[in-house]
Amino acid sequence: MTTSLPRQDRIRRALELLRNETTDKFDDIVGFTADEFTDPVLAQRERDLIFGRVPSIVAHGSEIARPYEFLTLAMPRNQVIVIRQTDGSVKAFVNLCRHRGALLEEKEKGRCRVLSCPYHRWSYDPDGSLRMVTRDNTFGEVDRSAHGLVELPCEERHGFIWLVDNANAEIDVAGWLGPEMDRILADYHLDDLVCFRAAGFDEPTNWKIMQDAFLDGYHIQYAHPNTAAKVIHTNVMAFEDFGRHCRFIAPRKSIDRWLEEDPGDTNLDPYVTETHFLLPNSTLLRQPDHFQLLTFRPHPTDPTRSRMEQRLMVPRLADSGMAEDHWNNRWEKNWNILLAVLHNEDFPMLRNSQRGMGSADAGDMVLGRNEVANHVFRRETKKLLAE
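Note that the structure is predicted; figures quoted are calculated from it, not measured.

Quick notes on the rules
Residues numbered from 1 in each chain as written. Predicted model: local features only at pLDDT ≥ 70, side-chain atom pairs only at ≥ 80, totals over all residues. Heavy atoms only, no water. Helix = DSSP H or I, 4+ residues; strand = E, 2+ residues; numbered from the N terminus. Rg over C-alpha atoms; globule rule 2.2 N^0.38 Å. Buried < 20%, exposed > 50% of the residue type's maximum accessible area, 1.4 Å probe, protein only. Pairing = 2+ DSSP bridges. Axes fitted to C-alpha atoms, helices over the stretch in contact; angles between N-to-C directions. Contact = heavy atoms within 4.5 Å. Polar contact = N/O pair within 3.5 Å; in protein donor to acceptor, adjacent residues only side chain to side chain. Phe/Tyr/Trp six-rings, centres within 6.5 Å; stacked < 30°, edge-to-face > 60°. Expected span 1.5 Å × (residues − 1). Bend = angle between axes of the 7 residues up to and from the residue. Salt bridge = Lys/Arg side-chain N within 4 Å of Asp/Glu carboxyl O. Disulfide = S-S within 2.5 Å.

## What to know about the overall build of the protein chain
- Assigned secondary structure in the protein chain consists of 9 helices and 20 strands.
- Against the compact-globule benchmark of 21 Å for 387 residues, the protein chain has a radius of gyration of 22 Å, which places it among compact chains.
- In terms of overall dimensions, the protein chain has a C-alpha envelope of 85 × 60 × 35 Å along the principal axes.
- In the protein chain, which comprises 387 residues, the share counted as buried stands at 51%.

Here you go:
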């Protein structure tokens, strides 16, 4: 497997793999069983020991760029609200009123200076402090300092907002990423980009089935014959393993012009797509002119359901050199292409995979050596569950 090589060298490595009709490989094939995707006891352990302990991405910072902007989401362990503070930082809280437990905010996104509970109108400042107890002269004494919103560990780094889904945990995104992946993400300057669009979808599929599909360069020719397979080569990956995280380069079919010719000093960036797996649940795709982020979260109770979110990060209009109409049309087209492939091709297949995994006599299954990133995903999640 390729490791610690400059990007142009890694692209040339991918070109050489393509010429030889092969790919980087894992050490061996590895077996697995269907209960990894259906077992409620394992699912509870994943929620607690993975999402309750390590950082995962919940948004791009540009989605809540201004003070008082917020977004809400269902994490595996908590209902969550993330709010941009007046000093530019972000904070995350359990989305629950400390009076009687009502959901504090139902909207997915918005902006407000005061968070007000719809049940009895207790209210909170954006920093989580308890602002008002209605009819407090009849309610009784409340220690307001002890009844603010429950804060969750949250950090903004490399343009993304990261969260640990456990009020008793700590967060250190740089430490979690490790020096290699932290440097890689820093070099992309993702904080200079803007999230053109984000959307989430609830799927009747285990989160690991979903994540596995977007680490796999083996299925492209067969599952996407009329879409992605016309653009990307199947089963060719120049791979880097960083332990918890990994990345790989897949050659686009436009690189075929160099199969019989030495590219010399030609910049080969436009001829590849680069995929990054960020443990525990994110696939970051580096395209020639933008980034796509796909995240997959377990359902809070049901191992056969999950939440998938997709994001398109692009250069800001002011930095793009494009007219506004051109900028909007270009990224709208990219968004719709991604949406169509996922919803028309990937998701129906993955739903059927989940149905199959529910079979009483599913038997053993196996990951091939060519499914390298899937091996890393399985290896690292098992480590977290064993700690």
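After that view, the rundown keeps rolling.
## So, the sheet that holds strand 2 (residues 56–60)
- One open sheet holds the 3 strands; their spatial order is 2-12-11, and the pairing between them is antiparallel. The open sheet has two edge strands with one neighbour each: strand 2 and strand 11 (154–157). Averaged over all adjacent pairs, the angle separating strand axes in this sheet is 30°, with direction ignored.
- Its contacts with the sheet place helix 4 (residues 173–188) against strand 11 and strand 12 (160–163), and it is angled at close to 10° to strand 11.

## As for the sheet that holds strand 13 (residues 193–203)
- Spatial strand order, 13-19-18-17-16-15-14: 7 strands in an open sheet with antiparallel pairing. With one partner strand each, in any of the chains shown, strand 13 and strand 14 (238–241) form the two edges of the open sheet. In this sheet, neighbouring strand axes are inclined to one another by 15° on average, regardless of whether the strands run parallel or antiparallel.
- Examined bridge by bridge, strand 14 and strand 15 (residues 246–251) share 4 bridges and lie antiparallel to one another. Counted as the bridge partner of phenylalanine 239 is phenylalanine 248 from strand 15.
- The strands that helix 1 (residues 7–19) touches are strand 14, strand 15, strand 16 (272–278) and strand 17 (282–286); relative to strand 15, the one it contacts most, it runs at about 55°.
- Contacts from helix 4 reach strand 15, strand 16, strand 17 and strand 18 (291–298), with the element oriented near 135° to strand 16.

## Focus: the side chain of glutamate 69
- Residue position: glutamate 69 is located in strand 3 (residues 69–74).
- Of the polar contacts made by the side chain of glutamate 69, one reaches the backbone nitrogen of arginine 66; its length is 3.0 Å.
- Not counting residues up to four positions away in its chain, the partners in contact with glutamate 69 are Glu63, Ile64, Val82, Ile83, Arg84, Gly110 and Arg111.

## Focus: the side chain of asparagine 281
- As for its position among the elements, asparagine 281 is in the loop between strand 16 and strand 17.
- Asparagine 281 gets classed as buried once you look at its relative accessible area, which sits at 0%.
- Among the polar contacts listed, one links the side chain of asparagine 281 to the backbone oxygen of phenylalanine 296, at a separation of 2.9 Å.
- Apart from the residues within four sequence positions on either side, asparagine 281 is in contact with Phe51, Ser56, Trp207, Gln211, Leu294, Thr295, Phe296 and Arg297.

## Digging into the environment of tyrosine 124
- For tyrosine 124, the location among the structural elements is in strand 8 (residues 123–124).
- At 2.9 Å, the side chain of tyrosine 124 forms a polar contact with the backbone nitrogen of arginine 98.

## A short note on the packing of aromatic side chains
- Using the criterion set out here, one finds 11 aromatic pairs in the structure.
- Consider the rings of phenylalanine 201 and phenylalanine 347, whose centres lie 6.5 Å apart with planes at 65°: the pair is edge-to-face. With a gap of 146 residues between them, phenylalanine 201 in strand 13 and phenylalanine 347 in helix 8 (residues 324–357) connect regions that are remote in the sequence.
- Classification of phenylalanine 201 as buried rests on a relative accessible area of 18%.
- By the ring-pair criterion, three or more aromatic residues cluster together here, those being Phe51, Trp207, Phe277 and Phe377.

## Points about helix 8
- Taking 1.5 Å per residue as the helical rise, helix 8 with its 34 residues ought to reach 50 Å, and the 47 Å between its terminal C-alpha atoms agrees with that figure.
- Along helix 8, the helix axis deviates most sharply at aspartate 346, where the bend reaches about 40°; the proline proline 348 sits within four residues downstream.

## So, the pattern of salt bridges
- With the rule as written, the count across this model stands at 34 salt bridges.
- Of the charged contacts in the structure, one is a salt bridge between glutamate 240 and arginine 10, with a shortest N-O distance of 3.4 Å. With a gap of 230 residues between them, glutamate 240 in strand 14 and arginine 10 in helix 1 connect regions that are remote in the sequence. As far as the burial class goes, glutamate 240 and arginine 10 line up, both buried.
- The salt bridge partner of arginine 183 is aspartate 187, with a shortest N-O separation of 3.8 Å. Separated by 4 residues within a single helix, arginine 183 and aspartate 187 lie in helix 4, roughly one turn from each other.

## Description of the state of the cysteines
- Under the counting rule described, the total for this entry stands at 0 disulfides.
- Cysteine 154 forms no disulfide, and the closest cysteine sulfur to it belongs to cysteine 195, at a distance of 16 Å.

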